[in-house]
Every structure is written in structure tokens, then in C-alpha cells.
Amino acid sequence: MFLFCSCFQPSHLSEIIEMPQEPTKAVKNGISSLFSFIRGRQSDANGQEPDRFARATERVSQTIEQSNFISRDLSWLQFNYRVLDQARSPQRSVFERMKFLAISDSNLDEFFTIRAGSLYNYLDYGKERIDYSGLREIPFRKALFSAAQRFTEAQDDVFSNDILPLFEEFKLKIGTCVELTETEKNDVGTYFDRTIYPMLTPMLFDYTHTFPVLLAKTLIFGVVTRLGNAAASEEENLKLSFVQIPANLPRFYTIERKSGEFVFLPIEEIIRHELYKLYRNVEIVSLHLFRIVRNGDFSIEESEDVENDFLDEIKQKLKTRRLGRVVRMEIEPNASEWMLNLLKKRWEIDDYNIFTCNHLLDFTCLWQIIKHPEFVELIPPPPAPVPPLGLERNPTNDIFETIKENDILLHHPYNNFEPVLELLEMAAEDPNVLSIKMTIYRLAKNSRVTEALLKAAENGKHVAVLFEVKARFDEENNIREAQKLQKAGCFVIYGISQYKTHTKLLQIVRAEGTGSVSYSHLASGNYNEDTAKLYTDIGLLTCDDTYNRDITEFFNVITGHSLPNNYQHLITAPRDMRKQIIKLIQQEAKNAKSGLPSGICLKVNSLEDKATIEELYKASQAGVPIKLIVRGICCLRPGRKGLSENIRVRSIVGDFLEHTRILYFHNNGSPRLFGGSADLMVRSFDRRIESIFEFVNPKARQQAIHILDFNLRDNVNAYEMLEDGNYVKCECEEGQETFNIHQRFFTVTIEEVNEAQLFIPASESVAEEVL
């Protein structure tokens, strides 16, 4: 039983009382009802709620309501609820619903690996940590894990009530061994004997056997057996062993029946049915499936020798991730208390870390059903990409000439990523191209980017690549690809030890006439042709001299020791991005106080930097209308009287992952807009090499305004954030047409782009034709 109230024992009350703030009610379907959930669980345990728990819970609740900031981690759980909400949508097929449930579970794994892992770095080493909401590390762990318990219950509910009832329509079934026909049982038995059985290794733990290394995110059977020693006590007769299910075997054994029914038999059910073969003449008392998540958060210490120490340190940290402390355990119901007590002691965890799952452990296994050849066509593909607006011909026909004519703003996935790939591939083969410089954060598995750079090096061009080998979960792939490029003769920088290089920049220098021309690409997204089909991003192709001078200077900063005084159209971090953005916010506040037109519209993935949030609060109090489009984490509290009454926050969650960053400042009617890869987060400002670029081309600037305008009009994928941190789905009003930006951006017209305006009264609206 998970008693959140146990975190409010008298020994912990002082930790809560002395803190100025406490975590917000961040999830409508989870954390908003967290305290009633606490009371209910405590009442279930004790028959009635003790006064001390009631007082502590009420005190925390009051602190939450007084807080001006929302916990980053609780806000992230809110985001995952919005992802899970897609699995409930009656407009989606059962296969789309399974997809979003699987995504929500994959997200949760990463959350526990990194965010919960980070929290345990403080807990395990006795370091003080105060959450944005004001809670110290111990009570915050209990609040966070209680909220996560609620989320996993919601996942189980979605699977059982929203997804499973739809299986019958498509003749789908998740089966058990007892439901099989005799022929099917024989086939399954043969599969076990020939394929599964030889791969299984029981691992005993007792005083003669050390505790085995159990892999994270792997299905494991905990098997309790009993010896027949009459002289020993009951507990002394019990033995615990583990059987890990090989991760390279399919999760489901698929049976296609003559009736057209597909039975997906989980591998754990096959093993459960046949496990006695691994324990000959031994009494099996209980066997329960579980799965663990380990701490995977690590930091890279600064290394002087980048070529050796730095890479070796990263490789060592990757091994640590595989063996990190256990932060979460998922397990089937009614597991052996004896086994659980032993594991809790061994891993130094408690009931907060243990998540009982009533259905499948690890919903990411649903991808096997989704991608089954029989059903893959039942997930509707997105529309084909359309050409960038305003181009009379395909930009890839002669992309150098096309870029010279005008800047091209690509909006993915609505516009193809192909022009960027073909620019690189053409540059690799073009005898006039002298050099290629770029930053790389995440690559596709079979990357055309890497192939183009290898070809360029083979053709004698100067190729300089900053490969960020600390890109989380892509470290090994990036190290491998970077070393491949280095062996081919490319100048490779393996990141900068104390920073992550997250900026997305490409520059190609080409000999033309008696001189040279630089062609650049500045983007919000990765140079990854796979995710470019799934993420919304922007990328600007330009040969503007001012951009190119800035980019050249910035590359000199990254690869060398240059310290330029300023850039004309770039704002960079960790140099002064926070300072520059705050300055832009303050200018809007000053305009509002002077009675001049003002307005701020920011589209980012996350808003977490406290200094930026405080300036937005001040701007709101000065009368600036502020519209925020924040996909995920939002630590700002909107709509609070006297604090943030002029701030509205919405989140877009739908078919594509929103990844575009655009910052709009009204600037007394002469808007300034910026795009790039940076979010408004502490890590982006202080611990990353980032850049955002100003839109100076009127056409590109108007397109960016239009992107924001459409995002503010969406009534299909949008969620509005309330003052208490909850979100509500934006629904169509009566008589209003649906407006789904994940469809509408495929059919955008030049006229719609030209008409887009922000923060201008309709009576004063005059559209300027720029395309």
C-alpha cells in the first residue's frame, strides 16, 4: 500500500513548514486529486485519517495554492497525461491509441531514468535539493512518486477501458496459454523448448551466490522456491532466484487462426506456463514478473584531454547507467511479501518505488502489434510534404541558386527535409565547395548526413563537425559516427566537456567567381531525416552575409577560443541569451507602461527558467498581453490575480511532436522574431551552447508570425493551462469549425500567411503582402 501521508510524519513536518512553497496540483487527472487520493489511501489503511496527517496534507495544499511557481517534474507528468489523453480519443483508431499509450510509457521510463535518477543523486549523497515548488528532497520524492502512481493507474485504466474493448472489432486478442487449442499449445511448447528454454538462465541468490546483476527495462521473473529441510524455519527454507527474459526475443508469440483472429501470446505467459522445466524436483512457491528502472542521470566532469579522458569518461558513465541504483520497480499484483521485503532492503527502496501493474508490464510492447504487417496500413499516413511557400520551382533542382534568390524557411514535417539533405549531398560532390561546418546532436540510424560528410572528406573538402557525444541516450551512436568521420579525415570535436552543444547550424563555403559565397542553415531541429517526419521544426536556408558572419564567429567560439564582442542576428548561450531575452521582455513592459502597443508570444518546448518567468510576471503586471505555447514543462502559473492575469498558456499535443521554437516581441508594432533550438530553461542558458537567430527577411518573418497564429487558433490538439496548474482540452464552440494545425499546415496559402497578425485590434489590421 502506498501511503503518501507517511511523508508527513512529525519528523518531516518541519521540512515542509520551513519551505516557502510546495508542489502544485499539476495534473488534472492525477495530481489535482492527489490529496484526496492521499486521504483515501490513509483511510483505507487505518479506517480513519489521523489528525496529524490531515493537518500536514492541508498545510501542503495551502502552500501549493500560494506558490508562484510550478514544479518542473510535476509539470512534466501533466504533459504525459496530455500524451495519454490521445489514447482516449474516440477520433483515433485502436492502433493509434496503442501508439500513444506506448509513447506515454516510454516517456515515463525516461522520466524515471533521468529526473527521478537526478533526485536520487541528491538523496543518496545527502545533498540538499529544494524543488521549484519549495519542497525539500525527501518530501518531494514522496509527492512525486505518489503522483506517478496515479499516472500508472490512469495508464492501466486507459488500456482496460479504452483500448481492450476495441480489440474484438479487429479480431485481436492478448491470450493466455490455457485458452489455446491443443495444436496451438503444442506449437507454443515447441517454440519454448527450441528457442526460449536454451536462452533462460536461473540466477539464485543466497549466502553462497552473490546477488545477480539484473538489467534495467528487462522483464524478470522473481521465483520463490522452498527446500524440504525439516530442521529449518519457514523462511530459512525459502530461496529466491531470478529468470531474465531475453530482450532480443519478440514480446508476443503470434497465432493467426483460420477465423481471421490474431492471438498475441505474451512471452512471459509462455515462460510462466513452462517454468517448472527450469526447477526440476523443486517446489515453486510463487513467481511474479517485475521490471526495474535504474538511475541513468550522470554528469560529465571537465576533462583537459578531450581525445582520451573525455570519451573514456563518457563510456564509463554509460556503464554506470546500466548498473545505477534502482529507482522504480513495476510488478504484478499479489507478489510475495517475502521477496518484496528482500528486494526493498537490497535496493534501498520502499513502497513509493513499487508500482503494481494490473495489465501488461511495459506498454511499449504494443509496438509489435501496431507494426504487424496485417495492421500497419490501418494507421493513416500523414499527408505528403508540400513545397515551401513562395517558391516557383523545387528548391532542390539548383538549391544554391534558389537560396541566393531568397531565404527559404522550411517548416517540417509539412515541408520536406529533403532540401537540407540534398544541399549537403550536392556540396559533397560539388568541386566548387571548399568547406562544410556543422553541429550534430542526434542522427538518424542510417544517416545520409554522415554519408554526405564522409563523401565530402573523400573529395578533399575541409569538413569540421562538432559532434555532441553527450546527447542523452545517443552517446554511443554519436561516438561511433564521430570516430568514423575522424578516420575519414574530418576535423571532429567531441563536444565541449562542461557544456552540451545543442545549437543546430550548418555552413557551406563555395567558390564562386573571383571570391566565395557562404550558404547556411539555422534550425530548431536535429539533422535527422527520420525525426524530421515526426517533429515540427523550422529551418532557415540563407546566404545572407550578416547571418554568415555571425555563424563563422560562433563556430570560432565553439572550435577555438574566440570571444566576439557581439553578433548582429544571433543570440547565444551561455554567453548572454538569458540577459538578451529578459531585455526584450522588459522592453515590452516599458512600451505597455508608456501606452504603446505591446505583446509577447513565445512558442517553446519548455519554460522553466525562474528569472525569465519573473520577468514575464512583471510584464503581465505592466499590462503586456502574453501568449505562451509551451508543449511540455511549464513552471509559470498563468492567470493569477495581481501576478499573471495577462498571461495565457496553451499546449499542443497531437499527431506530430511540437519542437519548433519561435519568440515574438511586438516592439511597438515593428515585431522582432527569433527562432532556434533553445528552450527557456536553466540548462539552455547556463549549461548548453545554444543559439537563436533573428528573422530579418520580411518573408521568413511573416511565415514565423503565421506559424504562431495557427498555433493559437488550434481547437483540436490544444490544451489550456489553468491557474492551479491543471489543463483543460480546448473544444470547438457551437457552430465553430475544427482547426487542426497538424492538417491545416499542409494546405496553407500565401494569402493566409500574409493575413496573419498578432496583438493588433481587428479595426487596425492591415495585411502587408510579403510573399
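Described below are features of the structure shown in this document. Everything quoted here is computed from the prediction, not taken from an experiment.

To continue, consider unusual backbone geometry. Put simply, H412 and P413 share a cis peptide bond, and its omega is 0°. Turning to its location among the elements, P413 is positioned in the loop between β10 (408–412) and α13 (418–429). For the bond running from A573 to P574, omega is 5°, close enough to zero to count as cis. In this fold, P574 is placed in the loop between β18 (570–573) and α17 (577–593). Even without being glycine, K171 reaches a positive phi, approximately 55°. Examined against the element boundaries, K171 turns out to sit in the loop between α6 (137–163) and β1 (172–174). By relative accessible area, K171 is classed as partly exposed at 42%.

On to the packing of aromatic side chains. A complete count under the given rule lists 33 aromatic pairs for this structure. Relative to Y197, the ring of F192 lies with its centre 5.9 Å away and its plane at 50°, an arrangement referred to as tilted. The exposure class of F192 is buried, given its relative accessible area of 0%. With a centroid separation of 4.9 Å and an interplanar angle of 75°, the aromatic rings of F205 and F211 are classed as edge-to-face.

With that settled, consider the sheet that holds strand β5 (residues 252–256). Across the sheet, which stays open at both edges, the three strands sit in the order β1-β6-β5 with mixed pairing between neighbours. Edge positions in the sheet fall to β1 and β5, since each has one partner strand and no second. Averaged over all adjacent pairs, the angle separating strand axes in this sheet is 20°, with direction ignored. Relative to strand β6 (residues 262–266), β1 is paired through three bridges, and the arrangement is parallel. Pairing of L172 across the sheet is with F262, part of β6. Contacting β5 and β6, helix α8 (residues 267–274) crosses the sheet at an angle of about 60° to β6.

What counts and how
Residues numbered from 1 in each chain as written. Predicted model: local features only at pLDDT ≥ 70, side-chain atom pairs only at ≥ 80, totals over all residues. Heavy atoms only, no water. Helix = DSSP H or I, 4+ residues; strand = E, 2+ residues; numbered from the N terminus. Buried < 20%, exposed > 50% of the residue type's maximum accessible area, 1.4 Å probe, protein only. Phe/Tyr/Trp six-rings, centres within 6.5 Å; stacked < 30°, edge-to-face > 60°. Pairing = 2+ DSSP bridges. Axes fitted to C-alpha atoms, helices over the stretch in contact; angles between N-to-C directions. Contact = heavy atoms within 4.5 Å.

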